[in-house]
Amino acid sequence: MTKPVIRIGLIGHQFMGVAHSNAYRNAGMWYDLPAKIEMKCVCAKDSEENLRLFAERYGWKEIETDWKKLVARDDIDLISVATPGFLHKEMVLEAAENGKHILCEKPLANSYSDALEMLAAVQDKKIKHACGFSYRFTPATALAKKLIADGRLGQIYHVHARYAQDWMVDPTAPMVWRLKKELCGSGSLGDICSHSIDMSRFMTGGEIVSLVSQLKTLVKKRPVSSDPSSPMDDVTVDDVAQVLCEYDNGATGCFEATRFAGGRKNHNCIEINGSLGSLYWDFEDQNYLQFCDRSLSPEVQGFAKINATADFHPYGGGPWPQGHGIGYADTFVLEIAHFVSAIAQDTEYAPSFVDGVKCQQILDAIERSFNERQWIHI
Ligand code: SOE
């Protein structure tokens, strides 16, 4: 039986555009998909010459400089939005209007109200929608979810998540779009705390019901460029976000997101403690899940370091035999393999825009709590 073809239009050709391109190009190689992926067209705000070089290198058949033309084409089935957050809403609304399936990078939008509008636009149409919380597609994080769902941690007491990087710790590092509120919505909060919030929902199934927060901009001005005589420009977002919260299942939570933690390169980690055990996962050691099983006799209790790469682990432990592991790019390959399969088989997909909106609601509450200096009940 011939497989249906899903024709992709990508918008954005920077870091996420490359991650999406690699995933569309390799998903069908690593996984036996129920559909064929056709990398039809890449669109970005760049010269035609640069776009052509990108298309050639990453495997796109055509180029387009006007995203509105791309989302209206009747030979495109799926739009991948890999642009800065300020563009997400208009692109998603237009793509939804044209009946396209949509994968939109995280965070879904630059505000909760925009995210709600985007969800409404896709819900009353027969289109599938995905929000790019790619870390869910790590065998070790999915194993954590399974162990919690199987009751191996018992009652969940604590969620403790820290997402720490250090690419902004140098105050002379020049201005980037991720530091301007009108472009990115928020700083570490939306960029990386969003992953921790989603991961805590994914692993525990719990929802945050109240929170209090602190947001801080540590370096308030940055040079516009690396040129020594460059003028300075204002940073208009948080550099660090810290949150205390409570979940609907009674658990307490603590989050920190910063890009000023010297030595932390992509230290996306989470620990979950329950009545029967604990889990710890760190992206910088992403193929392993640490699990403390309190049902064992005390003299042998402790964190066991599980190599989550065997074929009986979630997602088959990755595309290779046990022990070979996965990398950052593989989570996007798994994410897109699952999304394309959900489209071809008309099955449920998560994380969808519903998860994107839920995360945006928490981000909004975190900003309100800081601005109003009080606990916010969601
Ligand atoms: C920058 O902090 C960033 O690229 C995030 O935007 C990504 O979501 C994360 O996966 C890596 O770091």
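It should be noted that the structure appears before, not after, this text.
Residues numbered from 1 in each chain as written. Predicted model: local features only at pLDDT ≥ 70, side-chain atom pairs only at ≥ 80, totals over all residues. Heavy atoms only, no water.

Quick look at the environment of glutamate 94
By the element assignment, glutamate 94 lies in helix 4 (residues 88–97). Once the C-alpha coordinates of glutamate 94 and alanine 72 are considered, the two residues, 22 residues apart in sequence, prove to be 8.0 Å apart. Beyond its immediate sequence surroundings of up to four residues, glutamate 94 is in contact with Trp67 and Val71. (Helix = DSSP H or I, 4+ residues; strand = E, 2+ residues; numbered from the N terminus. Contact = heavy atoms within 4.5 Å.)

A closer look at helix 10 (residues 353–372)
With 20 residues, helix 10 ought to run about 28 Å at 1.5 Å a step, and its terminal C-alpha atoms sit 28 Å apart, in line with that. For helix 10, every residue scored as buried is listed here: Phe353, Asp355, Gly356, Val357, Cys359, Gln360, Gln361, Ile362, Leu363, Ala365, Ile366 and Ser369. If you check the start of helix 10, you find a side-chain oxygen 3.0 Å away from the backbone N of valine 354, and it comes from serine 352. Note on helix 10: the residue one or two positions beyond its end, arginine 373, has a positive phi of about 50°. (Expected span 1.5 Å × (residues − 1). Buried < 20%, exposed > 50% of the residue type's maximum accessible area, 1.4 Å probe, protein only. Polar contact = N/O pair within 3.5 Å; in protein donor to acceptor, adjacent residues only side chain to side chain.)

Topic: the packing of aromatic side chains
The full count for this structure, using the stated rule, is 14 aromatic pairs. An aromatic cluster of three or more residues is present, and its members are Phe15, Tyr135, Tyr163, Trp281, Phe283, Tyr328 and Phe332. Positioned above the aromatic ring of tyrosine 288 is the side chain of lysine 305, whose terminal nitrogen or guanidinium carbon lies 4.5 Å from the ring centre. If you follow arginine 373 out to its NZ or CZ, it ends over the ring of phenylalanine 370, 4.2 Å from the centre. (Phe/Tyr/Trp six-rings, centres within 6.5 Å; stacked < 30°, edge-to-face > 60°. Lys NZ or Arg CZ within 6 Å of the ring centre and 35° of its normal.)

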